[in-house]
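Observations on chain architecture
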There are 2 protein chains.
Amino acid sequence: MSDSDDDAYEEPLFQRVIEYAAASDRDVVRMVSGHPDWEPPAALREGLKAYADGDPESFQYPPREGIPELRGEIAERRGVEESRVVVTNGAAEANYLGMAEALDRDAGSEIIVTDPVYPYYPGRTTMLGGEVTRVPVGDDGHVDVDAMRAAASTDTAAIVINTPNNPTGAVYSRESVAALADVAADVDAVLVADEVYDHFDFSGRFESALTLDRDHVVVTTSFSKALGITGFRIGYAVFPEALIEAALTRHTLVNVAVSRPAQAAVAAALRETPPSYYESVRDTLRDRIEEFTAALDAAGAEYTTPEGAFYVLVRFDDFPGTLENVKRLVDDAGVAAMPGAAFGETYDEWIRFTLCTDRVDEAADRLAAYFDGQ
Amino acid sequence: MSDSDDDAYEEPLFQRVIEYAAASDRDVVRMVSGHPDWEPPAALREGLKAYADGDPESFQYPPREGIPELRGEIAERRGVEESRVVVTNGAAEANYLGMAEALDRDAGSEIIVTDPVYPYYPGRTTMLGGEVTRVPVGDDGHVDVDAMRAAASTDTAAIVINTPNNPTGAVYSRESVAALADVAADVDAVLVADEVYDHFDFSGRFESALTLDRDHVVVTTSFSKALGITGFRIGYAVFPEALIEAALTRHTLVNVAVSRPAQAAVAAALRETPPSYYESVRDTLRDRIEEFTAALDAAGAEYTTPEGAFYVLVRFDDFPGTLENVKRLVDDAGVAAMPGAAFGETYDEWIRFTLCTDRVDEAADRLAAYFDGQ
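No experiment lies behind these values; they were computed from the predicted model shown.

Looking only at helices and strands, chain A features 12 helices and 14 strands. Taking 374 residues into account, the globule formula puts the C-alpha radius of gyration at 21 Å, and chain A, at 20 Å, falls close to it. Along the first, second and third principal axes, the C-alpha atoms of chain A reach 60 × 55 × 35 Å. Partitioning the intrachain contacts of chain A with sequence separation of at least 6 by distance along the chain shows that 75% fall at a separation of at least 24.

Okay, here's the thing in structure tokens:
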């Protein structure tokens, strides 16, 4: 376990790699960020067009908690009271609200995260005046529940997890998440469960923390990945009754409400998109995982096979996951990826490849050729 | 001058009045909140539809600072470096960022506002851990620069003003704003100038604080009112060079970026909407001001004539601006408005009527009949 007040977070590093790749003279396969490259549901486009023809009143402030047709649909699908749901500006704002309200209870100033971790969590903690504690995951990329329990104390305000996990691809077991909810309850902390990749479970084991039905749990997610619309910025959080009012107040003071055209489009997409859409995206990703890892096998590299989400961590011999090495791959292999060091220490020997491109086989061939030629 | 840690803010009170009016059996003219009732520019609707037909890549994360076609257009129109502009989730987020970064400089924890004041400013201050100082405006509804100067000290982190002003309708003189920028510079504070009503200047005197070209000034605004789209949540802030990076970091950690469909629609509207659109909306509002105040004259009520924005404050004899009296007007006069007490003490004898309805004459007649019959 390591303490850190590191306030680095993903975006600028993302940007640096993306800009570096964009400035390259050569063709580069982009596997840096989690931008879906697949087609959004047809109903989403249609919903946006239908919204564009609405009357002026439909262009005005939506309810701060979200438009009823979206919030209601979410509550029904998730089997929760509508009063516990707040539609947010992506999972980012949902996590911000969850972490801020956990800290605002005056029940501790520490936020416990895993290592590796999506860098926005520690960045947000520092911004909110909290202290970050990072707890390394196990060798299998799964959360180490015993180590999390040992780290937790009365100073713990929140435990933040992400399952299916970015970057390890682990899908945490229901038992692990329940145990972490127990830990949170024991020390009067909040378990914030970011489930933004919930539609990308290849293990068949994913269960939402909402099914635990606990008072100390905030569940956050977004439609960014599920509907292929990271730019729409529509997410939501399900808060326990005790925290929803404070969360809505903060949401109102920061954002007032969430952009209505995007809310209307997502509501239409939710209503009208058949399950086959989601299955077909999952099938595409399954194929990409297979193609990419088969080629990595051929290259003799060590890698993680994602149980969920759409990232593969790869370890090449004597080639740590630094920004410098990632730039080298752009220049010399024509593949752009994220340094594992961006996520902490545990995977700093690794490089994260995102499967949001239909050129994963080409990327794998380029990597194989590059490391073969070294 | 009065100190207050009051964390009330407008939205819930708005909601309560709106819900009360909606639940009424009788027909009610709604003059509560600043929801434009006029048609948005045609190019906005077309821009949204064109966006809906874009490729999947155009549906993904926009740059955190805003899409280039919008940010660039803003910078050019405002005559500022593009690097100082951040597109925000409405003026709400712009003000949140301005106030948060003012406080985060470790140069004081007090935020000075006027009284009356748009209640989000004190609410946000309290949320951010700052202390609010309210300085009454003059009898003419204009900021009292001398009193603001007297209130400012080294503990002042920010002075927040709104011009054209909600609720007094005052358009502050260039000299007043420059003097407040001087005060801010003298005590190492930030002047946050919320200019969200900049398109609604009937005085011909409004000049943006950007024209002062000062280091200690953050200018915030939005397209909510100018384009009649409060639900789109597209605003922006122009920061001094010294604060923009910190503001972008906070913006990223809270929201990542702003909803892209709305950004694309606003960029199209900015490019293609002729000046006649804005003039015609101003003409409509001018007519409404005249109609409404003429009827108030007939009713013998005291009122403010807005130099800018679209609110009229009215004082009826022995009828203070309480929530109770506002409910009485809904029930007995069929007109819904905002209690002046929601904005502080200075105008707590007044009631604020919003001119976002084409039934202002009817409302005025109803009010005249009601107070005549009392």
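It is worth spelling out the interface of chain A and chain B at this point. Accessible area lost when the parts come together is the quantity often used to give the size of an interface. Counting from both sides, the interface comprises 47 residues of chain A and, opposite them, 47 residues of chain B. Looking at the side of chain A that touches chain B, the elements that each hand over two or more residues are helix 2 (42-52), helix 4 (90-103), helix 5 (120-127), helix 8 (241-255) and helix 9 (260-272) of chain A. Here the residues of the side of chain A that touches chain B sort into 24 nonpolar, 11 polar and 12 charged.

Right, let's talk about the environment of A:Leu329 for a bit. Residues and elements named next belong to chain A. Mapped onto the fold, Leu 329 is located in helix 11 (residues 323-333). A count of 27 C-beta atoms within 10 Å places Leu 329 in the buried class. Spatially, the C-alpha atom of Leu 329 lies 8.4 Å from that of Tyr 370, the residues being 41 residues apart in sequence. Setting aside anything within four residues of it in sequence, one finds Leu 329 in contact with Val 335 and Ala 337.

Take the relation of the copies chain A and chain B next. Take chain A, turn it by 180°, move it 0.0 Å along the axis, and it overlays chain B with an RMSD of 0.0 Å. Expressed as an axis order, the relation between the two copies is that of a two-fold axis. Looking at the rotation axis and the C-alpha trace of chain A, the residue lying nearest is A:Lys49, at 2.6 Å. When the interface residues of chain A are mapped onto chain B, 100% of them again fall at the interface, so both copies present the same face.

Most of the time, phi is negative for any residue but glycine, and the peptide bond is trans. For the peptide bond that leads from A:Thr163 to A:Pro164, omega is -10°, which places it in the cis range. Within the secondary structure, A:Pro164 sits in the loop between strand 6 (156-162) and helix 7 (174-186). Residues B:Asp115 and B:Pro116 are joined by a peptide bond in cis, for which omega reads 10°. Structurally, the position occupied by B:Pro116 is in the loop between strand 4 (110-115) and helix 5 (120-127). Positive phi, normally seen in glycine, also occurs at B:Asp318, with a value near 50°. If you trace the backbone, B:Asp318 turns up in the loop between strand 11 (311-315) and helix 11 (323-333).

Residues and elements named next belong to chain B. Buried within helix 3 (residues 68-78) we find Leu 70, Arg 71 and Ile 74. Buried residues of helix 3 fall within an arc of 95° about the axis and therefore sit on the same side. Structural note: helix 3 exposes Pro 68 and Glu 76 on the side pointing more than 90 degrees away from its buried face. On the buried face of helix 3, the contacting elements are strand 3 (85-88), strand 9 (235-238) and helix 9 (260-272).

Our next topic: the sheet that holds strand 10 (residues 302-303) of chain B. Residues and elements named next belong to chain B. Strand order in this open sheet of 4 strands is 10-11-14-13, and the pairing throughout is antiparallel. What marks the edges here is a single partner per strand, and that holds for strand 10 and strand 13 (338-339). Bridge count between strand 10 and strand 11: 2 bridges; the pairing is antiparallel. Paired with Tyr 303 across the strands is Val 314, a residue of strand 11. The sheet strands contacting helix 10 (residues 275-299) are strand 10 and strand 11, and the helix crosses strand 11 at an angle near 5°.

For the rest of this paragraph, the subject is the pairing of strand 3 (residues 85-88) of chain A. Residues and elements named next belong to chain A. Every second residue of strand 3 is oriented toward a common face, with Val 85 and Val 87 on one face and Val 86 and Thr 88 on the other, all of them buried. Here strand 3 runs beside strand 9 (residues 235-238); their pairing, made up of 4 bridges, is antiparallel. Counterpart to Val 85 in the pairing with strand 9 is Val 238.

All names here are of chain A. Its 25 residues place the ends of helix 10 (residues 275-299) 36 Å apart at the C-alpha level, agreeing with the 36 Å of an ideal helix rising 1.5 Å per residue. Buried within helix 10 we find Tyr 277, Val 281, Leu 285, Arg 288, Ile 289, Phe 292 and Leu 296. Positive backbone phi, approximately 70°, marks Gly 300, located one or two places after helix 10.

Turning next to the packing of helix 10 of chain B against helix 12 (residues 360-373) of chain B. Residue and element names in this part refer to chain B. Running from amino to carboxyl end, helix 10 crosses helix 12 at an angle of 10°, the nearest separation of the two axes being 9 Å. Here helix 10 is positioned roughly parallel relative to helix 12, judged by the angle of their axes. Contact with helix 10, carried on its side by Arg 288, Glu 291, Phe 292, Ala 295, Leu 296, Ala 298 and Ala 299, involves Val 360, Asp 361, Ala 364, Asp 365, Leu 367, Ala 368, Phe 371 and Asp 372 of helix 12 and no other residues of that element. Its residues assigned to classes, the contact of helix 10 with helix 12 comprises 10 nonpolar, no polar and 5 charged.

With that settled, the discussion passes to the confidence of the model for chain A. On average, chain A scores 94 in pLDDT, and the residues at 70 or more come to 97%. Note that residues 1-8 of chain A has pLDDT below 50 and, in this model, 23 contacts with residues that lie over four places away or in other chains.

All right, on to the sheet that holds strand 13 (residues 338-339) of chain A then. All names here are of chain A. Here we have 4 strands laid out as an open sheet, ordered 10-11-14-13, and antiparallel in their pairing. Pairing within the sheet leaves two strands with one partner each, and these edge strands are strand 10 (302-303) and strand 13. Looking at chain direction, strand 13 and strand 14 (residues 351-354) are connected through 2 bridges and run antiparallel. Looking across to strand 14, one finds that Pro 339 is bridged to Ile 351. Contacts from helix 10 reach strand 10, strand 11 (311-315) and strand 14, with the element oriented near 5° to strand 11.

Parameters and conventions
Residues numbered from 1 in each chain as written. Chains lettered and ligands numbered in written order. Predicted model: local features only at pLDDT ≥ 70, side-chain atom pairs only at ≥ 80, totals over all residues. Helix = DSSP H or I, 4+ residues; strand = E, 2+ residues; numbered from the N terminus. Rg over C-alpha atoms; globule rule 2.2 N^0.38 Å. Contact = placed C-beta atoms within 7 Å. Nonpolar A, V, L, I, M, F, W, Y, C, P; charged D, E, K, R; others polar. Buried ≥ 20, exposed ≤ 12 C-beta atoms within 10 Å, placed from the backbone. Least-squares fit on C-alpha atoms with pLDDT ≥ 70 in both. Arc of directions from axis to C-beta. Pairing = 2+ DSSP bridges. Axes fitted to C-alpha atoms, helices over the stretch in contact; angles between N-to-C directions. Expected span 1.5 Å × (residues − 1). Parallel < 35°, antiparallel > 145°, perpendicular 65-115°, else oblique. pLDDT = per-residue confidence, 0-100.

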